[in-house]
Structures are given as structure tokens and as C-alpha cells.
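An overview of the molecular structure
One-letter residues, chain by chain:
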Amino acid sequence: MKIATWNVNSIRARLPRVLDWLEAARPDVALLQETKVADEQFPAEPLEELGYNLATVGEPGRNGVAILARSPIEDLCRALPGDADDQEARYLEGVVNGVRVASVYVPNGTSLGSPRFAFKLTFLDRLKTRAQKLLEFEESLVIGGDYNVGPYPIDVYDPAALDGTICYHPEERAKLRALLHLGLYDAFRTVEPGSRAYSWWDYQGRFFRANQGLRIDHLLLSPQAVDRLETCAMDAAERAAKAPSDHVPVWCTLRD
DNA sequence: ATGGTGGCTTAGCCA
């Protein structure tokens, strides 16, 4: 079973890239973020024609998450619990072929000390509470998404220079590690303990040309899913495509 | 030298 996560930065702007990639990569499940579209505007038809079932949580013009799956998507949870005031479309959970999956778009945080940064830290706390509950089921669980945090020095292009900046601030790194301390496993780091690989590069051209990126898109697995983990990789070639997202797909395969 | 990229809500804002 192949499960991918990809921040597409607008499903409408990225539709040709997404369709090409789905046809080539053929994931069983694709967890998308930043679809940037209301549910009734989501371009469902071309995706359904490729054989995917869809679940979406969107809003006009920003945020937005989706699950695409070849099998039916059951037991949906359409918001991250813990904050009744949070109406942003950043969390969608379902069960596909007995595997519980979630598509998560963690807030970027905008700038240190801002209300948006506080929202990011609180969101990560809420995600920890949700993950703790899901781990109690003792089943295969994959929480994939754009976490907007590089967890360790190896995950960013210049850890000394970036230390304390957005997506690599000690407070947010600690929040992401708190998820790992629950007993979730970072699929990429489990398979590739020493590899330097990035999932995001700033749109400004010099960053990708110099391979100055961050590994901020993650697949976090329960022990039952890690037991089935075969491979995990990034499709970095997507970043070199014409009109790319600033993120690339990250995918893993689980044994049946 | 304060730019530089992209998407959306088409004018700044967010990323």
C-alpha cells in the first residue's frame, strides 16, 4: 500500500501536475494540503476518472486538505479537536483499507512572536492530543502532511543560520519531537537515518538551484504501520517541473 | 542595493 503526502499549493493551479504525478506514481492514498479551494469548487471529476475516491475539507482561496484513495474512505473526522474557534481547513482523517490516515496542514506561523506563531504551537499541541488518542487503537496509522517544522539539523540546509527562524525554531521543533515521543515514527528518517533530503524549497529560484531546502513534510507512523514499512522517499523531480508546487510528494509503502 | 517567487481574495497578505 503506497501512501503519499503532498502540499500542492492550490489544487486548481496544480491540477495538470497532480494528474501526471498520480498516473506515474499511482499511490493508493494521497494526502493533499493547501488545496486552496471550497469543497464545491474542488476539481473532483478528473481525479475520480483516475479511479480515486475523494474526501475534502476546504475553504475559499487558502488552506484546505484532501484525501484521495483508490478504496472507500470511511470514518471521516473533518476537524482537529481542541479549539471550537478554529474554523481553518487544516485536518482531515479517515480509514482506507483498515489503515487510519490523516492529512494535516500545520499553520506556517508567519513570524516569531505573532498570534499566528502561537496558533501554530497550540495546533501542534492539539495534534499531539489527537495522535495520543489514535495510538490507543493500536492499528496502522499514518499522519501525513505539511508540518512546517524541520525536526533536526540534518533536515534543514543551514541549521546554524536558520536556528530560531520560522519552521526551525526550538519551540516548534520540541512540539514536533513531542509527537515522536508519543511513539510515532518519522517514516523517512526510519528508512533513511543519515540521508539529507528536502521536501520544500522557497519559490525564489536560487534556493532550489543551490538545493537549499527544508524537510518539513512528514509521514508519521504508528508502531503497527512501521512494522509494515518498506520504503519512503521524496519525488524531488517534481520541484523541477514546469509550474511546480514549492513542496514535493513524500511517499511510503506498507506491506499488506 | 531590502529585490528576488507564486497563488489568491486582484491588492496586499500569506507562504
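Residues numbered from 1 in each chain as written. Chains lettered and ligands numbered in written order. Predicted model: local features only at pLDDT ≥ 70, side-chain atom pairs only at ≥ 80, totals over all residues. Heavy atoms only, no water.

1. Examining the sheet that holds strand E2 (residues 29–33)
Spatially, six strands are ordered E3-E4-E2-E1-E12-E11 in an open sheet, and the strand pairing comes out mixed. A single partner strand is all that each edge strand has here, and the edge strands are strand E3 (53–57) and strand E11 (229–234). Averaged over all neighbouring strand pairs, the angle between strand axes comes to 10°, with direction disregarded. Alignment of E11 against strand E12 (residues 250–254), held across five bridges, turns out to be antiparallel. Residue alanine 233 lies in a different strand from E12, and its bridge partner there is tryptophan 251. (Pairing = 2+ DSSP bridges. Helix = DSSP H or I, 4+ residues; strand = E, 2+ residues; numbered from the N terminus. Axes fitted to C-alpha atoms, helices over the stretch in contact; angles between N-to-C directions.)

2. A word on the protein's contact with DNA strand B
The immediate surroundings of DNA strand B are formed by 16 residues, with Ser10, Arg14, Gly61, Thr110 and Tyr203 found nearest. When the atoms of DNA strand B within 4 Å of the protein are grouped by moiety, sugar and phosphate amount to 76% of the total. Contact between DNA strand B and serine 10: a phosphate oxygen at 2.6 Å from a side-chain N or O atom of the residue. Glutamine 204 is positioned with one of its backbone polar atoms (N or O) 3.4 Å from a sugar or linking oxygen of DNA strand B. Taken together, the residues of the surface near DNA strand B sort by class into three nonpolar, seven polar and six charged. (Near = heavy atom within 4 Å. Polar contact = N/O pair within 3.5 Å; in protein donor to acceptor, adjacent residues only side chain to side chain. Nonpolar A, V, L, I, M, F, W, Y, C, P; charged D, E, K, R; others polar.)

3. Re the sheet that holds strand E7 (residues 99–105)
An order of E5-E6-E7-E8-E10-E9 is seen for the six strands of this open sheet, with the pairing classed as mixed. The open sheet terminates on both sides in strands that have one partner only, identified here as strand E5 (74–77) and strand E9 (185–186). As defined by bridge partners, E5 adjoins strand E6 (residues 91–96) across two bridges and the pair is classed as antiparallel. Bridging from a neighbouring strand, glutamate 74 pairs with valine 95 of E6. Strands in contact with helix H3 (residues 115–135) are E5, E6, E7 and strand E8 (141–146); relative to E6, the strand with the most contacts, it is inclined by about 15°. (Contact = heavy atoms within 4.5 Å.)

4. With respect to helix H1 (residues 15–25)
Listed as buried for H1 are Leu15, Arg17, Val18, Leu19, Trp21, Leu22 and Ala25. Buried residues in H1 make contact with strand E1 (2–7), E2, helix H2 (44–49) and strand E4 (65–69). Arginine 26 occupies a position one or two residues after H1 and carries a positive phi of about 50°. (Buried < 20%, exposed > 50% of the residue type's maximum accessible area, 1.4 Å probe, protein only.)

5. Points about the nonpolar core
Ile3, Val29, Val101, Val142, Leu219, Leu221 and Leu254 are the most contacted members of the largest nonpolar core, which totals 33 residues. Other than its neighbours up to four places away in sequence, valine 142 contacts Ile3, Val99, Arg100, Val101, Ala102, Leu219, Leu220, Leu221, Ala225 and Leu254. Among the nonpolar cores identified, the runner-up in size contains 21 residues, and Val104, Leu135, Leu179 and Leu220 belong to it. (Core = buried A, V, L, I, M, F, W, Y, C linked by side-chain atoms within 4.5 Å.)

6. Quick look at the environment of phenylalanine 208
Tracing the backbone through its elements, the reader meets phenylalanine 208 in helix H7 (residues 205–209). The spatial distance from the C-alpha of phenylalanine 208 to the C-alpha of valine 37 is 27 Å, given a sequence separation of 171 residues. Residues in contact with phenylalanine 208, not counting those within four places in the same chain, are Trp201, Ala236, Arg239 and Ala240.

The values are spatial; any link to function lies outside them.
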